[in-house]
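Chain by chain, the residues:
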Amino acid sequence: MDTKNILLVGVGGQGTILVSKILSTGLMDAGYDVKMSEIHGMAQRGGSVSTQVRYGEKIYSPIIGIGQADILVSFETMETMRWLEFLKPDGVVVVNDYEIPSAPILTGKADYPQGIIEMISDKARTKVVNAADISEKLGNMKVMNVVLLGALVKMMNLTDIDWEKAVRSSVKEKFADLNVKAFNAGMEAVS
């Protein structure tokens, strides 16, 4: 089996690292060798966060270089553009249609760029997921990350893994049912 490279990007507080841990757990339980790395910018202040998950038969390094990601999962729209150069020419983008204004935008020093999803779609095969709407219907906006995990799993054709077990073992018990519902809703969002 070829090594697969997954790059997950977002803004601090969106649960990017939790999703990477669930993803890594599920892949390891399925027998893959998995390496994960995390990069926290000013995560606690709404800054950029990225995690890299590589899996396959034998993985030697956790780092994904420019042009090597099979799939880029972006939890926030603008973050997609920041990390797009890491995507392989035939790679896939899963983008959350959700905007979190950065500090310069909040202070009026900059405007949130328009037309980002169209620009991304022009450059790569793109699946847009409105994880905010899906998680709002489930009653908790904090599960957007697990909705996106479900979409990722479907896009990577990893549906034969026991993801419910991986989700339940990674979140607090009182939130387990909600997160499993979010995961399933994310899979359903990808046709």
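In this text, all values refer to a predicted model and were calculated from it rather than measured experimentally. (Residues numbered from 1 in each chain as written. Predicted model: local features only at pLDDT ≥ 70, side-chain atom pairs only at ≥ 80, totals over all residues. Heavy atoms only, no water.)

This next bit is on the packing of aromatic side chains. With the rule as written, the count across this model stands at 3 aromatic pairs. For the pair Y32 and Y55, a centre-to-centre distance of 5.0 Å together with 75° between the ring planes defines the contact as edge-to-face. In this pair, Y32 is assigned in the loop between α1 (16-29) and β2 (33-40) and Y55 in strand β3 (residues 48-56), connecting sequence segments 23 residues apart. Assessed through its relative accessible area of 26%, Y32 is described here as partly exposed. You can call Y55 buried: its relative accessible area is 2%. For K58, the ring lying beneath its charged end belongs to Y60, and the centroid distance is 5.8 Å. (Phe/Tyr/Trp six-rings, centres within 6.5 Å; stacked < 30°, edge-to-face > 60°. Helix = DSSP H or I, 4+ residues; strand = E, 2+ residues; numbered from the N terminus. Buried < 20%, exposed > 50% of the residue type's maximum accessible area, 1.4 Å probe, protein only. Lys NZ or Arg CZ within 6 Å of the ring centre and 35° of its normal.)

Before going further, it helps to examine helix α4 (residues 116-123). Working note: α-helix, 3.6 residues per turn, so residues spaced by three or four point in the same direction. Taken together, the buried positions of α4 are occupied by I116, I117 and I120. Taken down its axis, α4 places every buried residue within 95° of arc, on the same side. Facing away from the buried side of α4, by more than 90 degrees, are the exposed residues E118 and D122. In this structure, the buried side of α4 is in contact with α2 (77-83), β5 (87-96) and β6 (125-129). (Arc of directions from axis to C-beta. Contact = heavy atoms within 4.5 Å.)

Of all the 6 residues making up strand β4 (residues 69-74), 6 are buried; the element is thus mostly covered by neighbouring parts of the structure. Pairing of strand β1 (residues 4-11) with β4 involves 4 bridges; the strand directions are parallel. Paired with L8 across the two strands is V73, which belongs to β4. The sheet contact formed by β4 and β5 spans 5 bridges and is parallel. Among the inter-strand pairings, V73 is bridged to a residue of β5, identified as V94. For the crossover that starts at β4, traverses α2 and ends in the parallel β5, the hand is right-handed. (Pairing = 2+ DSSP bridges. Right-handed = clockwise from strand over helix to strand, strands pointing away.)

With that out of the way, let us pick up the nonpolar core. In this structure, I6, L8, L23, L27, L152 and W163 are the most contacted members of the largest nonpolar core, which totals 42 residues. By residue number, the principal contributor to this core is helix α6 (residues 144-155), which donates 8 residues. When near neighbours in sequence (up to four residues on either side) are disregarded, L152 contacts I6, L8, L23, I71 and V73. With 17 residues, the next largest nonpolar core counts L72, W83, L84 and V93 among its residues. (Core = buried A, V, L, I, M, F, W, Y, C linked by side-chain atoms within 4.5 Å.)

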